Amino acid sequence: MITAGIDIGSISTKAAVIADSKLLGAKVIFTGYNAEQAGKTVYEDLLQELHLQPSAIQKTVATGYGRNSVKFADKTLTEIICHAAGAHFLNPPVRSIIDIGGQDSKAIVVDVNGNVGNFVMNDKCAAGTGRFLEVMARALEVDLENLGDLSLQADHPSKISSLCTVFAESEVISLIAKGENRANIIAGIHESIASRVFSMANRVGIVPPVVMTGGVAKNIGFVKALEKKLGITPTVSKYAQVNGAIGAADLAAGLK
Amino acid sequence: MIGASKMGVGLCETAEGMGYSPDLCSYARSDIACATVNGGPIGGLPRPDMLVCCNNICGTVLKWYEVQARYFKVPLFILDTPFCHVGFADEAKRYVRRQLDEYILFLEKTCGRKMDNNRLKEVGKLSLEGQRLWQAVLNTTANRPAPMSAFDAFFHLALIVTLRGTRDVIDYYSQLLIKMKDRVARGKGAIPNEKYRLLWDNIPIWPRTRWLSQKFASHDACLVADTYTSAWCGTMKYIDENNFFDSMAEAYTRIYLNIGIDEMAKQVLEMIDKYQIDGIVMHSNRSCKPYSIGQYDIQKIIEKERGIPSLMIEADMVDERSFAESQVETRIDAFMEVIKQRKGR
Ligand code: SF4
């Protein structure tokens, strides 16, 4: 059975195709203004890369903030359940997932079958999410992709205390004005997000093994900061960013 | 009413323009602003002759009523009820009881007439009867399917809040009770296909009640009970019909928001059992700190004692600026998926 999963997030849109419990491929593009179009584009492009006809796909599940704009999906499910399924698919022993996406971060505990036992999502605002990092990268004139490596050069991470993205940005700007070095500022930003995620993880009661998913998992500096806070080393799959889409495709296989 | 008619944001902004902090409870902000502009759905409340407040719900009312008393230049009486962490101490009882004497003196002076004991008994009996009937109405939702939901209760609540002690309440709830019993007899539920039964905690998100009720109904979930509407009849057990004056002190002091978190959790657990609840929806209400502060602990206690999941929604009862629809929607959808997964769909 061949199934597809589409995950339309606030920043990026992902698609994955699974055939008989094997991952055939996955793809990521920017969501941009039109979520519906992004869902279609990433799906069609992926099928083309995999030399598959749309008719070959038996079931499709959509997830993410734009899930309801995927008209051709057989079902929509939230990221929580899809990330749990995706992490379980890629790494069956996993018991906890920390997912940091564009505008949400979440901590999920799953049972041995990958079913969600409990979850906590960021509350109040977008602090501690991918969007937060994006804003900071812009303020620091650093490419988002380079934040992780740069932060590893820090010798004394700065303290970023504001939770509000806008205020934290002005904090960062005043640190730059004071001549603080970039690596330290970036490391400080990572630590501030890590401590938010840490309290979420505590609330939900995470247990190892822990995996980290979502776009922010690609940021090695952040993963290290989180590891330090948690005292647990999270594994990061190379499919971290498309984990939700993989989970959606996996759950699509279970649809009647 | 201001919240439900979506007039809260404008009034809150007016209050903030007057210098009140956005962190102040939005009921207080709305009311303070409303008085100055005769705003809200009914163009403001009539001018008061006096103001009376009781801090059994929170400390905010104290300052709020002082502000209003100054604004309207009317006398103010404050009934001070000490917080009851566990029981109700004798000193607390004496303290509150004594204030009731002062209260009567205040009323006699302000109204220019003597207290009528018989009338007190009459109103007291009507008030208690009203509460009994309201509880009886709420009890009907223990049936499967529930004949009404918490969203209906939020609506019918208006009478016990504003007309308690009058015949109207009794007539209205007697009728409502007959109607609900009839629905139960006919197996008619509040939502078309009740599969999951949820409990709501905290004050409703007034401007979004319709959206929320539709959202939950789309998952075949009915909010069958809540800690809010039941608080209006939650201290009946302390009231002695033959001794209103003494028992009043206790009934006023031991209300849901004036007791310790363990006590609150105990009540929530009782409701879980009584209404056969599958999950709890907690509104972490930016405005109401006393209602929201223990929620994480209550959540933990429930998880431990009954193992049922709970959802936290961040919002505000009146101020829509604290409501993010797509965020709330994702959390509700995810919560329902977890409940469905647990119950094997
Ligand atoms: S809503 Fe909460 S904070 Fe506001 S007056 Fe009522 S109890 Fe106090």
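What chain B contains, in helices and strands, is 14 helices and six strands. Relative to the compact-globule value of 20 Å for 345 residues, chain B shows a C-alpha radius of gyration of 21 Å, a close match. Referenced to the eigenvectors of the C-alpha coordinate spread, the extents of chain B come out at roughly 65 × 50 × 35 Å. Counting only residues that meet the buried cut, chain B has 51% of its 345 residues in that class. Excluding contacts between residues fewer than 6 apart, the proportion of contacts in chain B whose partners are at least 24 apart in sequence is 77%. Accessible surface, chain B: about 16200 Å² in total, of which carbon and sulfur atoms supply 53%. Charged side chains in chain B number 45 positive and 43 negative. The centres of these two groups are separated by 2 Å.

Take the packing of aromatic side chains next. Residue and element names in this part refer to chain B. Enumeration over the complete set of coordinates arrives at 15 aromatic pairs over all chains. With a centroid separation of 5.9 Å and an interplanar angle of 70°, the aromatic rings of Phe154 and Trp206 are classed as edge-to-face. Of the two residues, Phe154 is situated in helix H6 (residues 150-156) and Trp206 in the loop between strand E3 (196-201) and helix H9 (209-218); the sequence distance between them amounts to 52 residues. On the basis of an interplanar angle of 85° and a centroid distance of 6.2 Å, the ring pair of Tyr228 and Trp232 is categorised as edge-to-face.

Attention now goes to the environment of Arg208 of chain B. Residues and elements named next belong to chain B. By the element assignment, Arg208 lies in the loop between E3 and H9. The class for Arg208 is buried, based on a relative accessible area of 13%. Sequence separation between Arg208 and Phe323 is 115 residues, and the spatial gap between their C-alpha atoms is 8.8 Å. Aside from chain neighbours lying at most four places away, what touches Arg208 is Lys6, Glu320, Phe323 and Glu325.

Residues and elements named next belong to chain B. In space, the four strands of this open sheet follow the order E4-E3-E5-E6, with parallel pairing throughout. The sheet is open, and its two borders are formed by strand E4 (221-226) and strand E6 (310-315), each paired with just one other strand. Each neighbouring strand pair of the sheet contributes to a mean axis angle of 30°, computed without reference to strand direction. With six bridges joining them, strand E5 (residues 279-285) and E6 adopt parallel strand pairing. Note that in E6 the partner of Ile280 across the bridge is Ser310. The strands touched by H9 are E3, E4, E5 and E6; relative to E4, the strand with the most contacts, the crossing angle is about 125°. Of the strands in this sheet, E3, E4 and E5 touch helix H11 (residues 261-275), which is tilted by about 130° from E4.

Quick look at the pairing of strand E4 (residues 59-63) of chain A now. All names here are of chain A. Burial runs high along E4: four of the five residues are buried. Pairing between strand E1 (residues 2-8) and E4: five bridges, direction parallel. Bridged to Ala4 within E4 is Thr60. In this structure, E4 lies alongside strand E5 (residues 75-76), joined through two bridges in parallel fashion.

In this section: the interface of chain A and chain B. Many structure descriptions define interface size as the accessible area lost when the parts assemble. Counting from both sides, the interface comprises 22 residues of chain A and, opposite them, 17 residues of chain B. Regarding the contact of chain A and chain B, the summed buried area is about 1700 Å², with carbon and sulfur atoms giving 46% of it. Here chain A is connected to chain B by two salt bridges. With a closest N to O distance of 3.0 Å, Asp104 of chain A and Arg331 of chain B form a salt bridge. Here chain A is connected to chain B by seven residue pairs in polar contact (both at pLDDT 80 or more). Going through the elements one at a time, E5, helix H2 (79-90) and strand E8 (116-121) of chain A are the ones with two or more residues in the side of chain A that touches chain B. Grouping the amino acids of the side of chain A that touches chain B by side-chain chemistry returns seven nonpolar, eight polar and seven charged.

On to the sheet that holds strand E10 (residues 235-236) of chain A, then. Strands in a sheet are paired, the pairing made by backbone hydrogen bonds, and the direction either parallel or antiparallel. With mixed pairing, five strands are arranged side by side in an open sheet as E8-E7-E6-E9-E10 (chain A). Edge positions in the sheet fall to E8 and E10 of chain A, since each of these pairs with one other strand and no more.

With that out of the way, let us pick up the domain arrangement of chain A. Residue and element names in this part refer to chain A. As assigned here, chain A comprises domain 1 (1-91 + 242-256) and domain 2 (93-236). Here the C-alpha centroids of domain 1 and domain 2 sit 25 Å apart. On the side of domain 2, 23 residues touch domain 1, which itself brings 13 residues to the contact. Taken together, both faces of the contact between domain 1 and domain 2 bury some 1400 Å²; the carbon and sulfur share is 66%. Put simply, domain 1 and domain 2 have zero salt bridges between them. Taken together, the links from domain 1 to domain 2 amount to four residue pairs in polar contact (both at pLDDT 80 or more). With eight residues, H2 is the largest single contributor of residues to the side of domain 1 that touches domain 2.

One turn of an α-helix holds 3.6 residues; hence residues three or four places apart share an orientation. All names here are of chain A. The terminal C-alpha atoms of helix H6 (residues 182-204) lie 33 Å apart, and with 23 residues this matches the ideal 33 Å at 1.5 Å per residue to within 8%. One side-chain oxygen at the N-terminal end of H6 lies 2.9 Å from the backbone nitrogen of Ala183; it belongs to Asn181. Directly after H6, the chain includes Gly205, whose backbone phi takes a positive value near 75°.

Our focus in this paragraph is the state of the cysteines. All names here are of chain B. Within this structure, the stated rule accounts for zero disulfides over all chains. With no disulfide of its own, Cys111 has Cys53 as its nearest cysteine by sulfur position, at a separation of 17 Å. Looking at Cys111, the relative accessible area reads 43%, which means it is partly exposed.

Scoring rules and cut-offs
- Residues numbered from 1 in each chain as written.
- Chains lettered and ligands numbered in written order.
- Predicted model: local features only at pLDDT ≥ 70, side-chain atom pairs only at ≥ 80, totals over all residues.
- Heavy atoms only, no water.
- Helix = DSSP H or I, 4+ residues; strand = E, 2+ residues; numbered from the N terminus.
- Rg over C-alpha atoms; globule rule 2.2 N^0.38 Å.
- Buried < 20%, exposed > 50% of the residue type's maximum accessible area, 1.4 Å probe, protein only.
- Contact = heavy atoms within 4.5 Å.
- Areas by Shrake-Rupley, 256 points an atom, 1.4 Å probe, with all protein chains shown as cover.
- Lys, Arg positive; Asp, Glu negative; His and termini not counted.
- Charge placed at Lys NZ, Arg CZ, Asp CG, Glu CD.
- Phe/Tyr/Trp six-rings, centres within 6.5 Å; stacked < 30°, edge-to-face > 60°.
- Pairing = 2+ DSSP bridges.
- Axes fitted to C-alpha atoms, helices over the stretch in contact; angles between N-to-C directions.
- Buried area = accessible area lost by both parts, 1.4 Å probe.
- Salt bridge = Lys/Arg side-chain N within 4 Å of Asp/Glu carboxyl O.
- Polar contact = N/O pair within 3.5 Å; in protein donor to acceptor, adjacent residues only side chain to side chain.
- Nonpolar A, V, L, I, M, F, W, Y, C, P; charged D, E, K, R; others polar.
- Domains from an automatic or database assignment.
- Expected span 1.5 Å × (residues − 1).
- Disulfide = S-S within 2.5 Å.

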